[in-house]
Amino acid sequence: MSYSTYPYGWTDNGKVINITKEAYESILSQAKADAPIESCGYALGVAGEDGTLLITENYRLTNIDHAEEHFSLDPKEQFAAIKYARANKLKVIGNWHSHPASPSRPSEEDRRLAFDPNILYLILSLAPADSGLPYITDKTQPVLNAFHIENGEVERIGVLLK
């Protein structure tokens, strides 16, 4: 895949991360259960010596705003998630949230609130027909993308089911 800029405001250079089926299904079932409220959590996993990332667990967090187009993480749950990850030799690969009725791409608010360039920001869209992405062949399936966001610049990273 060649380096390109999408009309959605991100660049894509072909990078990918992997996610286990169990972790993906956990994220998906949580997002569906919470809809139409945005759902959220931490994507936990391992980093290979070669820099590859594998998401192995979804650590469910509560959207304390209980909003359909916004989320805020519970600080106590965040602390518990970090303790859990450390105790289980896992890394916080990123945080994730759902877009129950909009595409899998960062909103202006998502960009503005992306303070940590060392993690990924994953967005699960339950409205895939709106994604507009050329590589989506089945417009009935949810779309999960990962993004590296730094200084307002967005790079999409593909997510592969492992």
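Residues numbered from 1 in each chain as written. Predicted model: local features only at pLDDT ≥ 70, side-chain atom pairs only at ≥ 80, totals over all residues. Heavy atoms only, no water.

A. Structural view of the side chain of Ser125. Turning to its location among the elements, Ser125 is positioned in strand E6 (residues 120-125). In this structure Ser125 comes out as buried when scored by relative accessible area, which is 0%. In this structure the side chain of Ser125 is engaged in a polar contact, spanning 3.0 Å, whose partner is the backbone nitrogen of Ala127. If near-sequence neighbours (up to four positions away) are discounted, Ser125 is found in contact with His99, Ser102, Pro103, Ser104, Pro142 and Val143. (Helix = DSSP H or I, 4+ residues; strand = E, 2+ residues; numbered from the N terminus. Buried < 20%, exposed > 50% of the residue type's maximum accessible area, 1.4 Å probe, protein only. Polar contact = N/O pair within 3.5 Å; in protein donor to acceptor, adjacent residues only side chain to side chain. Contact = heavy atoms within 4.5 Å.)

B. Looking closely at the side chain of Glu155. For Glu155, the location among the structural elements is in strand E8 (residues 153-161). Using a relative accessible area of 14% as the deciding quantity, one classes Glu155 as buried. The residues contacting Glu155, other than those within four sequence positions of it, are Thr11, Asn13, Lys15, Ala146, Phe147 and His148.

C. A look at the pattern of salt bridges. Inspection of every chain in the model, using the stated rule, returns four salt bridges. Notably, a salt bridge pairs Lys15 with Glu155, separated by 3.6 Å at the nearest N-O pair. Of the two residues, Lys15 is situated in strand E2 (residues 11-19) and Glu155 in strand E8; the sequence distance between them amounts to 140 residues. Residue class for Lys15 comes out partly exposed when judged on its relative accessible area of 43%. (Salt bridge = Lys/Arg side-chain N within 4 Å of Asp/Glu carboxyl O.)

D. Spotlight on helix H2 (residues 75-87). Relative to the 18 Å expected for 13 residues at 1.5 Å per residue, H2 spans 18 Å between its end C-alpha atoms, a close match to the ideal helical length. By the N-cap criterion, in which a side-chain oxygen at the helix start approaches the backbone nitrogen of a residue two or three places on, H2 is capped by Asp74, the distance to Lys76 being 2.8 Å. A positive backbone phi angle near 55 degrees is found at Lys89, which sits one or two residues after H2. (Expected span 1.5 Å × (residues − 1).)

E. How the structure looks around the nonpolar core. Within the largest apolar cluster, 19 residues are counted, with the highest numbers of intra-cluster contacts made by Ile17, Ile19, Ile55, Leu120 and Leu122. Contributing elements (two or more residues each) for this core: E2, helix H1 (21-34), strand E4 (53-61), strand E5 (91-99), E6, strand E7 (143-150) and E8. A total of five residues in this core trace back to one element, the largest contributor, which is H1. Among all residues touching Ile19, those that are not within four sequence positions of it are Tyr24, Ile27, Leu54, Ile55, Leu144, Val159, Leu160, Leu161 and Lys162. Counting residues in each nonpolar core, the second largest holds 10 residues, with Cys40, Phe71, Ala81 and Val92 among its members. (Core = buried A, V, L, I, M, F, W, Y, C linked by side-chain atoms within 4.5 Å.)

F. Main features of the pairing of strand E3 (residues 40-47). Burial runs high along E3: six of the eight residues are buried. As paired strands, E3 and E4 are joined by eight bridges and run antiparallel to one another. In the strand pairing of E4, Gly41 is matched with Arg60. What sits between the antiparallel neighbours E3 and E4 is a turn of five residues, in which Gly51 has the positive phi angle 90 degrees. Pairing geometry for E3 and E5, over six bridges, is antiparallel. (Pairing = 2+ DSSP bridges.)

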